Amino acid sequence: MLSLSVVTALSRPQNAESLAKCVYASTRPLPGCWYIVRDPLKAPEHVPMPPPTYQDWTTNEFAAHPGGDASGAPQKNAALDQIPIDPDNWIYCLDDDNLLPVGFGLAVQEALWQHPDAKILVFSQVNHKGELLRRAVPENFAYRQIDCGQFLVRADVVGGERFLLNTYWSDWVFIRNLAAKVGLPVFVDKPTTFYNAIAGA
């Protein structure tokens, strides 16, 4: 059964409630797990999350790797270490100042119905006003042109690949390396994230 593993490196605990409402509403009808990995220097306390609003969705909240990396790469990597290797499970990283559009789960489901052999999906990205920032086309699959909020990766193709530390463009290196192993992504010209959408983030 198709499922999602959503990964959030949390350094802004004040955004947790907005993120939770968004994740629970937007990922329907897909089941899955939300991995919330706190930077213990920036979010030292356990962050209580509202319970999921529908069945077949769980949360896994923990702390890992204090400080030293503004990109959240150590926390994302800690989540990748825990995600089951399953070809029906798709990994998506939601930064803690971004939001998902309503219908995200349906858009993923539709893309995989149309491209059942896909191993990487790349979607477009808009800003908090809905204005296009990054369009999902092959010519934009390039350095400084792609953000982790645009792509989903099948869990069984990740292997030992992890996000580089201490660089803002670890997203590009991560997805470039995976594409070199399994082939170019399927590009879907629909938005997956509202970039920097949470006010005050």
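As a starting point, this report considers the structure included with it. (Residues numbered from 1 in each chain as written. Predicted model: local features only at pLDDT ≥ 70, side-chain atom pairs only at ≥ 80, totals over all residues. Heavy atoms only, no water.)

### Topic: the side chain of Ser124
One can find Ser124 in strand 5 (residues 120-127). Of the residues examined, Ser124 reaches a relative accessible area of 2% and is grouped as buried. Within the structure, Ser124 has its side chain in polar contact with the backbone nitrogen of Ala136 (distance 2.9 Å). Of the polar contacts made by the side chain of Ser124, one reaches the side chain of Asp189; its length is 2.8 Å. The contact partners of Ser124, leaving out residues within four places of it in the chain, are Leu132, Arg134, Arg135, Ala136, Gln150, Val188, Asp189, Lys190, Pro191, Thr192 and Thr193. (Helix = DSSP H or I, 4+ residues; strand = E, 2+ residues; numbered from the N terminus. Buried < 20%, exposed > 50% of the residue type's maximum accessible area, 1.4 Å probe, protein only. Polar contact = N/O pair within 3.5 Å; in protein donor to acceptor, adjacent residues only side chain to side chain. Contact = heavy atoms within 4.5 Å.)

### Describing the pairing of strand 1 (residues 3-10)
In terms of residue burial, strand 1 counts as a mostly covered element, since 8 of its 8 residues are buried. Burial of the side chains of strand 1 extends over both faces: Ser3, Ser5, Val7 and Ala9 are buried on one face and Leu4, Val6, Thr8 and Leu10 on the other. Of the pairings in the sheet, the one linking strand 1 to strand 4 (residues 89-93) comprises 5 bridges and is parallel in character. By the bridge assignment for strand 4, Ser5 is matched with Ile91. The sheet contact formed by strand 1 and strand 2 (residues 32-38) spans 7 bridges and is parallel. (Pairing = 2+ DSSP bridges.)

### Describing the nonpolar core
If you look at the biggest cluster of nonpolar residues, it comprises 32 residues, and the most contacted ones within it are Phe151, Val153, Phe174 and Ile175. Elements with a contribution of two residues or more to this core: strand 2, helix 2 (73-80), strand 4, strand 5, strand 7 (151-154) and helix 4 (170-182). Here this core takes 6 residues from helix 4, the largest share from any one element. In this structure, Phe174 is in contact with Leu80, Phe151, Val153, Val158, Glu161, Arg162 and Phe163, ignoring residues within four places of it in sequence. Core analysis: the next-biggest nonpolar cluster, separate from the first, contains 31 residues, Val6, Leu10, Ala16 and Ile198 among them. (Core = buried A, V, L, I, M, F, W, Y, C linked by side-chain atoms within 4.5 Å.)

### Brief notes about the environment of Cys22
Residue placement: Cys22 occurs in helix 1 (residues 16-26). Measuring from C-alpha to C-alpha, the distance between Cys22 and Val126 comes to 16 Å, with 104 residues separating the pair along the chain. Sequence-distant contacts of Cys22, that is, excluding residues within four places in its chain, are made with Leu99 and Leu100.

### Side note on the pattern of salt bridges
Applying the stated criterion across every chain yields a total of 11 salt bridges. Residue Arg38 is joined to Glu61 by a salt bridge in which the shortest nitrogen-to-oxygen separation is 2.3 Å. Taken together, the positions of Arg38 in strand 2 and Glu61 in strand 3 (residues 57-63) put the pair 23 residues apart, joining distant regions of the chain. Accessibility expressed as a relative area gives 8% for Arg38, which makes it buried. Between Asp171 and Lys76 there is a salt bridge, with its nearest N and O atoms 3.6 Å apart. Residue Asp171 is located in helix 4, and its partner Lys76 is located in helix 2; the two are separated by 95 residues in the primary sequence. When salt bridges that share partners are traced, they join Arg12, Asp96 and Asp97 into one network. (Salt bridge = Lys/Arg side-chain N within 4 Å of Asp/Glu carboxyl O.)

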